[in-house]
Amino acid sequence: MQIKKRYILRTMLIVIAILMIATSAFVMEQYYRLQICNLSAYDDQAHSYNIYPGASIDSVLTLMQQDYEIGNIHDFRLHAQYMMFNYPEPGHYVFPAQIGNRELINKLKYGQQTPVTITWNNSARTREDLASKVTNNIMMDSITLLQYLEDEEFLKSYGLNKETSRCLFIPNTYEVYWTITPEDLFARMQKEYNTFWNAERRARAEEIGLNPIEVAILASIIEGESRNKNELPVIASLYLNRVHKGMLLQACPTVKYAVGDFKLRRVLYRHLEVDSPYNTYKYPGLPPGPIRCPAPQSIDYVLNAPKTNYLYMCANPELNGTHIFSATYSGHVKAANQYHHMMDTITE
């Protein structure tokens, strides 16, 4: 009887030990899958995903399985249930090469996105161009942003209209969330705009008799006049002189914008007749809006333009990409005749 009791006791102890080992192994595995790693990237690299609204847990797992080996999908579902995770928040997410269920679930459950960058430069000429470039890396589509760029009622709160709305979008690279809304995007751009247009720049604009919008419009014009950056401050001075004298700007880049042909190499007399408020050969003063999104540096060229008496400019007959500047019309005619003579010589 004693032997039998000892046998039963030993058996029970063995069973208990096995159960404890099994339980410990289970707990350790659960801890490992939850806290340390349940998904391992095949290439040991981090991977990013755009999770759209309406996505399910299964669709996210299917997407990630292209890049990650999932150690135990049942454990993931168990932990998701325990953490009351039902639907992932939309967003742009970057996950490390190894990630545990808790970190993955928390990111998706609470929308802990990784910011993306949006960028554009002064090549954005139209509202359509701008909308396309800004939305290239975010969930918002270009048509939606374009609607906001042309919504006169919405733009009133920013002191803008559809012609000047591009002035708010100063070319640069910005970090935003992939799911940013149009309203939040405009609010962010206004914050960046106000940072750029600090007290010093606003005071300088007032000194030259323009407001920030007018400065941006003029900056967009001078960018189209020359690829030689050394000339841009002088060109800005020339146009400021014309603005202050009430003269027609007669800026060829504005005619190209009015015609809608940005690859136009030579502006002809027929182009000068196009009826558009952007045709500065027909209408005095600055056009109603910029003809591109001017670079910050170009805005500063206008704000800090040198004092000159130039009123006219003509392409240099040496065809070196520079211009000849004149204070008088007679001087301009002389330079223009030299240029046309050179062009006629080339085409003969």
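A quick note: this is a predicted structure, and the numbers were derived from the prediction, not measured.

(A) Main features of the overall build of the protein chain. The number of helices and strands found in the protein chain is 15 helices and nine strands. Of the contacts formed within the protein chain by residues at least 6 apart in sequence, a portion of 63% connects residues at least 24 apart. Accessible surface for the protein chain amounts to roughly 19,400 Å². Of this, 53% is attributable to carbon and sulfur atoms.

(B) Region of the structure containing unusual backbone geometry. Phi is positive for D44, which is not a glycine, with a value near 60°. Positive phi is not limited to glycine here, since Q250 has a value of about 50°. Mapped onto the elements of the fold, Q250 is located in the loop between α11 (232-245) and α12 (252-259).

(C) The nonpolar core, seen in detail. Core analysis: the biggest nonpolar cluster contains 60 residues, and L145, F169, L185, F186, W197, V215 and Y239 have the highest contact counts within it. Examining the composition of this core, we find that eight residues originate from one element, helix α10 (residues 212-225), more than from any other. Residues in contact with L185, not counting those within four places in the same chain, are I118, V134, M140, L145, F169 and I180. In terms of nonpolar packing, the next biggest core, distinct from the first, is built from 23 residues, A41, F76, F85 and L104 among them.

(D) The arrangement of the packing of aromatic side chains in detail. What the rule picks out here adds up to 17 aromatic pairs. Seen from the ring of F196, R201 lies directly overhead, with NZ or CZ sitting 3.9 Å from the centre.

(E) Spatial organisation of the pattern of salt bridges. On inspection of all chains with the given rule, the structure shows nine salt bridges. When the shortest N-O distance is used, the salt bridge between E207 and R204 registers 2.6 Å. Placement of both E207 and R204 in helix α9 (residues 199-207) is noted, with a separation of three residues, approximately one turn of the helix. Under the relative-accessibility criterion, E207 is labelled exposed at 58%. Members of the salt-bridge network, linked through shared partners, are R127, E150 and E163.

Cut-offs and rules
Residues numbered from 1 in each chain as written. Predicted model: local features only at pLDDT ≥ 70, side-chain atom pairs only at ≥ 80, totals over all residues. Heavy atoms only, no water. Helix = DSSP H or I, 4+ residues; strand = E, 2+ residues; numbered from the N terminus. Contact = heavy atoms within 4.5 Å. Areas by Shrake-Rupley, 256 points an atom, 1.4 Å probe, with all protein chains shown as cover. Core = buried A, V, L, I, M, F, W, Y, C linked by side-chain atoms within 4.5 Å. Buried < 20%, exposed > 50% of the residue type's maximum accessible area, 1.4 Å probe, protein only. Phe/Tyr/Trp six-rings, centres within 6.5 Å; stacked < 30°, edge-to-face > 60°. Lys NZ or Arg CZ within 6 Å of the ring centre and 35° of its normal. Salt bridge = Lys/Arg side-chain N within 4 Å of Asp/Glu carboxyl O.

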